[in-house]
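Residue strings, one per chain:
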Amino acid sequence: MRFTDRETAGRRLAEAVLRLRPDDPVVLGLPRGGVPVAHRVAEALGAPLDVLVVRKLGVPSQPELGFGAIGEGGVRVLNDSVVRAARVGERDLERVERAERATLEQRLRRYRGERPGVPLAGRTAVLVDDGIATGSTALAACRVARAHGAARVVVAVPVAPPDALALLRQEADDVVCLASPDWFGSVGQWYDDFAQTSDGEVAELLARHGPTRRESSRGAGPGVGLGTDPAGEPGSSPAAGPGGPGSGLQGGTGGAERSAVIEVDGVRLDGDLMLPEGAPGVVVFAHGSGSGRRSPRNRAVARALNRQGLGTLLFDLLTETEGQDRARVFDIPLLGRRLAGATDWLRRTHAPPVCYFGASTGAAAALTAAAEPDADIAAIVSRGGRPDLAGPRLADVRAPTLLIVGGADAQVLPLNREAAARLRCEHAVEVVPGATHLFEEPGAMEQVEELATAWFLNHLRPVAASSGADRR
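Not measured: the values here are computed from a predicted model. (Residues numbered from 1 in each chain as written. Predicted model: local features only at pLDDT ≥ 70, side-chain atom pairs only at ≥ 80, totals over all residues. Heavy atoms only, no water.)

Give a detailed account of the overall build of the protein chain, specifying residues and quantitative values.
The helix and strand tally for the protein chain stands at 15 helices and 16 strands. Across the 472 residues that make up the protein chain, the buried fraction comes to 55%. Summarising the internal contacts of the protein chain: among those between residues at least 6 apart in sequence, 69% fall at separations of at least 24. For the protein chain, the accessible surface area stands at approximately 20200 Å², while carbon and sulfur atoms represent 48% of it. (Helix = DSSP H or I, 4+ residues; strand = E, 2+ residues; numbered from the N terminus. Buried < 20%, exposed > 50% of the residue type's maximum accessible area, 1.4 Å probe, protein only. Contact = heavy atoms within 4.5 Å. Areas by Shrake-Rupley, 256 points an atom, 1.4 Å probe, with all protein chains shown as cover.)

If you want it as C-alpha cells, here you go:
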C-alpha cells in the first residue's frame, strides 16, 4: 500500500482508528511529519490535537545507544539495565538530560507558543506518526504518555516494518498500522509526496484545532497536563529553567543586549554582547565571508542560545573597509587572531567559559583560534563551515567540535567529512537533510539552533561548579 501524501494517509488511518472507538481520546502527533497525519485522525474522532515531543537520552560515550527518554513537565523514563551496563553516573545523566531538555523546550515553544498542553490523565492517548522505521521513538513516546497519566495508549501509523510493530505491541495497548511490508526500506519510500513538514505547519495545525470547550473546562492542573510538572516540584517546569522568568534574557525576561568595542591589534571592532546572569557559558560568533554581527541567521541562533541561558557575543571580525578586501576575508590566520583577541577581551571581564560558533570561513577561524595552546575553549559548533581551511591546525584542536552541514550542500559536505577525519578531539558531523549551504529551507535553521544549543549545554559544566565562584 502506497500513500499519495500525509493528508491522504491521515484520512485512511482515521477510518481504522475510529473502529477502535477509543474512550476520551487525545490525539498526539509526533513532530514534525506525524502532525499532518494526526490532524486528520483528530478531525475524524472529534478529539483534541497536541504534540508529544520526546528526546532520547544517549550514553555519553555512545550517543546512539539510548539509556532513557524525557518528555515535557520534568518526565523522565530510564532503562535501568542500560544505565548499569553503560555505567552512566548521576552527573553524566544530568548533563545529558539538561542538553536534551533544552532542545525539547525549544521545540514546544515553536509548536504551541504560549498554549498549555492537553491533559492526558485518565484518557486514551492516540500516538500518531507518518511511519515508523525502528520503533524506538514511538516506544519512548508510549512510556512518556503513560508517565503523564494516560489510561490507555494507542499507536497509529500508516506504515511500519513487522519487527517494529512487534516491539510496540509489548508497550502499547493497541497498535493500528495500515501497511507492514516485509521489505521496508524507509518511511519516505511509501509516499509519493514526502516533503519535509516545517515547524510553521505544525504550529498552524495545532492552532487550527485550538482548545475545545471541554478542554478549557478541564483545566490543566498539576500532574495532569503535558505542560505541567507531575511531581509539583518547584523549579522543574520549563518556565523555571534557563530562559524562564528572572533569567535575565531578551524577549521580556529582563535582560538587555549591550554594545561593545573590542580592540585587537590596534583595530577597533564593534560587537553586541548578551550575558545573562548565571550563564554557564558565552558563545562567540565568528561570521563567514561577507557577513558580520548583523547576520540574520547567526542572530537567530544567538536568540535561541539566549533563551536557554547562554551568553552570546556577535562582533565584526573585520572593519567595514577591511571587509571590501577579499584577501582579508579569506585570511584565516588573521581572522583567528581577531577571534582570539575578542576571547581575551571577554575573559578580562570575568565572563564564564567561552565557546565558538563559526559559519563559512568563520568556522576555520574558530578552529584556528581554538588550536592555540592556551585557548581553553569549551566547545565549538560550525554551521555550513569551511573547517578544511584550518588546514594543519585541525589536529591541534582540543575543544569538542560539532560540524553541521546541509545534506544538499554538495560542495561543502565532503569538505566537512574530510576535515572531521583530521580532528583528534571529540567531534561529530550532523547533516540536516535537504538543507543547502545557507539553510534557507523550512525548518533547517531551527534544526541548527537545536543541535547547537544541545552541543554547547552538553559540554558546559554547571555554573555552580565552574565559573560561578569567579563571578560573585
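Moving on from the coordinates now.
How would you sum up helix α9 (residues 296-307)? Please name residues and give values.
Here α9 is 12 residues long and its end C-alpha atoms lie 17 Å apart, about the 16 Å a rise of 1.5 Å per residue gives. Turning to α9, its buried residues are Asn 298, Arg 299, Ala 300, Val 301, Ala 302, Ala 304, Leu 305 and Asn 306. Positive backbone phi, at 90 degrees, marks Gly 309, one or two positions downstream of α9. (Expected span 1.5 Å × (residues − 1).)

Before we move on, can you summarise the side chain of His 287 with the specific residues and values?
Position of His 287 relative to the elements: it lies in the loop between β11 (282-286) and α9. Within the structure, the side chain of His 287 is placed 2.8 Å from the side chain of Asn 298, a separation counted as a polar contact. A polar contact of 3.4 Å, which involves the side chain of His 287, links it to the backbone oxygen of Phe 315. (Polar contact = N/O pair within 3.5 Å; in protein donor to acceptor, adjacent residues only side chain to side chain.)

Give me the pairing of strand β13 (residues 354-359): which residues, what numbers.
Among the six residues in β13, six count as buried, and that is most of the element. Of the two faces of β13, both are covered, the one formed by Val 354, Tyr 356 and Gly 358 as well as the one formed by Cys 355, Phe 357 and Ala 359. One ladder, built from five bridges, connects β11 with β13; its direction is parallel. Bridging from a neighbouring strand, Phe 285 pairs with Phe 357 of β13. Bridge analysis of β13 against strand β14 (residues 380-383) gives four bridges, and the strand direction is parallel. Within β14, the residue paired with Gly 358 across the bridge is Ser 382. (Pairing = 2+ DSSP bridges.)

Could you give an account of unusual backbone geometry, naming the residues involved and the relevant values?
Between Pro 31 and the following residue, Arg 32, the backbone shows a cis peptide bond with an omega angle of -5 degrees. With a phi close to 50 degrees, Asp 24 is a non-glycine residue in the positive phi region. Checked against the element boundaries, Asp 24 lands in the loop between α1 (6-18) and β1 (25-29). With a phi close to 55 degrees, Asp 376 is a non-glycine residue in the positive phi region. Assignment of secondary structure puts Asp 376 in the loop between α12 (361-370) and β14.

Just geometry here; none of it tells us what the structure is for.
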